[in-house]
Amino acid sequence: MTSAPSRPTIEAPWAVAAGDVVAELAGSPEGLTSDEARARLARDGPNAVEQHAATPRLVVLARQFRSPLIYILLVAALVTVALGEYVDAGVIAVVLVINAIIGYVEETRAERSVDALRRLASTSARVLRDRREIAVDATHLVVGDVVLLEAGAKAPADCRILHATSLEADESLLTGESVTAGKSVRPVDPHAGAADRSNMLHMGTVVTRGHARAVVVATGRRTELGRIAGSVQQIRLTETPLQRRMGRFTRLVGGAALAASALGFVLGVARDEDAQEMFLAMVALAVAALPEGLPIVMTVVLAISVSRMAARRAIVRHLPAVETLGSCTVIGSDKTGTLTQNRMTVEAIHAGGRRYEVTGGGYEIAGAVLDGDAPADLEADEPLRMALLAGALCNEAAVIAPEGAAEFEVTGDPTEIALLIAAAKAGLYVDELTDELPRTGDIPFDSETRYAASFHQQGDATLVLVKGAPERVLDMCATAAGGLALDRRAVLEAAHALARRGLRVLAMAYAQRPGGHRDDARDLVFAGLQGMMDPPREEAHAAVTACRRAGIRPLMITGDHAATALAIARQLGIAGEDDRVLTGHDLERIDERELERTVREVSVYARASPEHKLRLVQALQRNGAVVAVTGDGVNDAPALKAADIGAAMGRSGTDVAKEAADMVVTDDDFATIVDAVREGRVAFDNVRNTTFFLISGNAATVLAVLVSIAFQFPLPFVAVQLLWLNLVTNGVQDIALAFEPGEDDVLDRAPRPPREGVISRLLWERTVLAAIVMAAGTLLLFLTARDAGEDLAYAQTLALTTMVVFQAVHVGNCRSEYRSAFRKSLFSNRFLLIGTVSAVLIHVGAIYLPFTQEVLHLEPLVLGDWVTIAAVALSVIAVVELHKLVRRDPDRGRATADRVDAHR
């Protein structure tokens, strides 16, 4: 046994020759001995994603009760119990439990994310030990082990390829790209990101073609997968904008309620009122002043929005995420499948010195190969026909055109599917071609040779068809189709022109050999080039435009190549013609300070690794942006969790991404995210309007009581009436406001400034005005009744009823911050109409029923009183309507991303 005294490592194994990697790891091409493997396993630990000790569940649960809102609710619950209001106390207790459950789920999602990562590890691996092939538990692999992999196998650790035959791998969980990656043995740049390490197989990726022998260079937490798990664990959950706003708001309101109650108590005692009665009255006033119904309303509003979003194919996993979407100022989106169709499509063909365009996107049957404005004539255009023929027959995919269907049915590699569909659009169907030209052999694509070939029987001859990288295929060609001379420079210029459009370019060639002759595909006839790409979704451009109109800055963060990313971004309007793209390599060369400046200007990032995506999110957040991020792969998990709102893709997304995210987009469509943003803004509007209703009504009650005490008037309400007012006015209408459908122009506004509170400055002004009007009107009728010689109980009944009707009228003001109450249909929110009428009827019943008369100290009113109350209550509509007319929103109207500082 030759046990090394320390763990053998190599910094960038992808940049070193395969043989040197084995030597540096103190291993052998024939694998390790069992004794050496046991020694290394004891020293390095198992090949598993490390699991840190979880926080005890009770500790996590206890943490949910540490917030100002919870403290206020606890005090309110104790006070309501002391006053015998057990129903109110029960409702508050339910709110406490719901909030605790939501917070508990939020804090435990990190552990679920790591568990999902851990499940990606292989359960077994084929390895060379003691010069023979054996199967071992993947957790027992060590650095230096030589593993054997073939199609369908999952890489059990991070491995450097020693030998490969026609090897391709699905690396989408790390790179986010659906196209399989060709693998080879050649060293690559030491700074290459995971997507460019063509000689590496990373843990969790899947071999889709060929077979390989590879040496393990990293295990467990030292793998790419392990490092991502570590990043997810280290990221702390942040408060959502709504939670931050509510924290500030509840501290303000709680302090104001306590101060008002203390002031009232001091003033009352100073005027020789009974101290015990004043204490009970001021405790009741404090309960009336506290918006204890607000958490319930928040939960209802968010739950309604969750339901609405689900109908729009966005599943929200955490309630607070609803409003966060509405607050976002930046959306960092993946490209493949989110902004694009995730369907490779041939868009242009260069053959015989001519350019042809291919219409029809994705897998649509409708489409054609156009020569100018007319369909190309394959009979008269031999180069084009042979270019399409080579793409269709040198191919392993399958395409069927079902009768009457709108799309082809496909199986196979996306690139090869695109070539088959392009041929079918020109009338060349692979099943007919195969019957006419049966295959007799092939040369599989290999990343070393960079081409594939197939051989077909053509009468007494053999037809050789080749596709591959343009430079490589050109090296194999002697002439061009159509009897033309081969102009290598012109072909390469055409290939570069297609590449600048963001197209992936493949060259096609052919040859006819006598008899059954087959060779290694030399001295070919160049047919043409086919340029393909994953085209943008049709609805994505409109969604990007909607983002900019809403003042939200869209970014593209992808693992794809820079040219492709920039081309798609320009088509969608994410980037302009003069904008640049930054690669992961560029990001690694700049520090955090420079990155914060860069993210303000650059909107497209390519070849981005998990670390790059996470750094971008954090740099945007340091600039003050509220960041939403989309993703589907393991590589996206850290950024999804660190972002203010993480949106995982439902179709293509891994379990890891979904567990780390706040929302799952079931159709993988960027436009769905924009729809969800609208619902988020509606949700916040409803929270804000409900809060305004609660605060303005409570402020009016507090003001009426304090003015009475200050001017030595009798109290307009007794303690039990204050509690009744709190129940009958706040218990129904505030919940009903949560069902407001939202306004049509909600996406035409600029994002709310992150520092703006739940109540805007405009609504604070309106709160003061409404409170003064309602308090003044209530005291006016109260004092008028007293001056007319009515007893105190009758005057207090009149005051209480006035306040109830005031708030029934005022709730119409609260349906919109800017729009007139008269422009809102009474029937667009039937819950509010029914709730308001019910609240007034409940109070009317209390006035005239003997039992409630006695409990609430009420006396029946006459018809004239009701007319007077209604006339006075309408004054609050007039005042608020005037305020809406005078104080229009200065930011109203369309808000473009260029006009709005999205990082503020």
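Look up: the structure comes first, before these words.
Residues numbered from 1 in each chain as written. Predicted model: local features only at pLDDT ≥ 70, side-chain atom pairs only at ≥ 80, totals over all residues. Heavy atoms only, no water.

**Overview of the overall build of the protein**
Tallying secondary structure elements over the protein gives 32 helices and 27 strands in all. Taking the intrachain contacts of the protein between residues at least 6 apart in sequence as the baseline, contacts between residues at least 24 apart amount to 73%. Surface accessibility of the protein: about 36400 Å² in total, with carbon and sulfur atoms responsible for 56%. (Helix = DSSP H or I, 4+ residues; strand = E, 2+ residues; numbered from the N terminus. Contact = heavy atoms within 4.5 Å. Areas by Shrake-Rupley, 256 points an atom, 1.4 Å probe, with all protein chains shown as cover.)

**A few points about the nonpolar core**
Judged by nonpolar contacts, the single largest core of 76 residues is most densely connected at I331, L529, V604, M663 and F670. Take this core: its biggest share by element is 9 residues, from helix α24 (residues 670-710). Listed in part, the 43 residues of the second largest apolar core include M344, A423, A527 and M532. (Core = buried A, V, L, I, M, F, W, Y, C linked by side-chain atoms within 4.5 Å. Buried < 20%, exposed > 50% of the residue type's maximum accessible area, 1.4 Å probe, protein only.)

**Examining the sheet that holds strand β22 (residues 553-557)**
With respect to topology, 8 strands assemble into an open sheet ordered β8-β27-β26-β25-β9-β22-β24-β23, the strand pairing being mixed. A strand with exactly one partner marks an edge of an open sheet, and here the two such strands are β8 (314-316) and β23 (581-583). Neighbour to neighbour, the strand axes of the sheet diverge by 20° on average, direction disregarded. Inspection of the sheet shows strand β26 (residues 645-649) paired to strand β27 (residues 663-665) by 3 bridges, in the parallel sense. Note that in β27 the partner of A647 across the bridge is M663. (Pairing = 2+ DSSP bridges. Axes fitted to C-alpha atoms, helices over the stretch in contact; angles between N-to-C directions.)

**Looking at helix α21 (residues 610-622)**
Here α21 spans 18 Å end to end across 13 residues, near enough to the 18 Å set by a 1.5 Å rise per residue. If you check which residues of α21 are buried, you get P610, H612, K613, L614, R615, L616, V617, A619 and L620. Where α21 terminates, the next one or two residues include G624, which has phi positive at roughly 95°. (Expected span 1.5 Å × (residues − 1).)

**A short note on the pairing of strand β7 (residues 206-218)**
Summarising the sheet, strand β3 (residues 146-150) and β7 pair through 5 bridges and their orientation is antiparallel. Within β7, the position partnered with L149 by the bridge is A212.

**Description of the state of the cysteines**
Applying the stated criterion across every chain yields a total of 0 disulfides. Cysteine C328 is unpaired, with the sulfur of C547 as its nearest cysteine sulfur at 7.1 Å. For C328, a relative accessible area of 0% puts it in the buried group. Overall, the relative accessible area of 1% leaves C547 in the buried class. (Disulfide = S-S within 2.5 Å.)

**Considerations on the packing of aromatic side chains**
Taken as a whole and assessed by the stated rule, the structure comprises 2 aromatic pairs. An angle of 20° between the planes, with centres 5.9 Å apart, marks the rings of F711 and F713 as stacked. The exposure class of F711 is exposed, given its relative accessible area of 56%. Under the relative-accessibility criterion, F713 is labelled partly exposed at 24%. (Phe/Tyr/Trp six-rings, centres within 6.5 Å; stacked < 30°, edge-to-face > 60°.)

**Focus: unusual backbone geometry**
Most peptide bonds are trans, and most residues other than glycine sit at a negative phi. Backbone geometry places D130, a non-glycine residue, at a positive phi of 55°. Here D130 lies in the loop between β1 (124-129) and β2 (132-137). You can call D130 partly exposed: its relative accessible area is 37%. The phi dihedral of R607 falls on the positive side, at around 50°, and the residue is not glycine. Within the element layout of this structure, R607 appears in the loop between β24 (604-606) and α21. Judged by its relative accessible area of 15%, R607 is buried.

**Here we look at helix α27 (residues 761-787)**
Spanning 27 residues, α27 covers 39 Å between terminal C-alpha atoms, matching the ideal 39 Å at 1.5 Å per step. Residue G789 follows α27 closely and has a positive phi angle near 90°.

**Some remarks on the pattern of salt bridges**
Under the defined criterion, the tally for this structure stands at 38 salt bridges. In this structure, E224 and R197 form a salt bridge, with 3.3 Å as the shortest nitrogen-oxygen distance. Taken together, the positions of E224 in helix α7 (residues 224-234) and R197 in the loop between β5 (181-182) and β6 (200-201) put the pair 27 residues apart, joining distant regions of the chain. (Salt bridge = Lys/Arg side-chain N within 4 Å of Asp/Glu carboxyl O.)

**A few points about a negative patch on the surface**
Side chains of D431, E432, D435 and E436 sit close together on the surface and give a patch of like negative charge. Inspection of the secondary structure puts E436 in helix α14 (residues 430-436). What makes E436 exposed here is its relative accessible area of 52%. (Patch = residues over 30% accessible without salt bridge, like charges linked within 9 Å, V, L, I, M, F, W, Y side chains within 5 Å. Lys, Arg positive; Asp, Glu negative; His and termini not counted. Charge placed at Lys NZ, Arg CZ, Asp CG, Glu CD.)

**Some remarks on a nonpolar patch on the surface**
A surface patch of nonpolar side chains, about 230 Å² in accessible area, is lined by L703, V768 and I772. Looking at the element boundaries, V768 is found in helix α27.

**What about the side chain of D534?**
Counting through the fold element by element, D534 comes out in the loop between β21 (524-533) and α17 (538-549). One buried charged residue, D534, forms no salt bridge at all, with the nearest opposite charge on K335 at 4.6 Å. Here the side chain of D534 touches R343 through a polar contact of 3.0 Å, landing on its backbone nitrogen. Residues in contact with D534, not counting those within four places in the same chain, are T336, G337, T340, Q341, N342, R343, M344 and I568. (Polar contact = N/O pair within 3.5 Å; in protein donor to acceptor, adjacent residues only side chain to side chain.)

The values reported here are purely geometric and, on their own, carry no functional implication.
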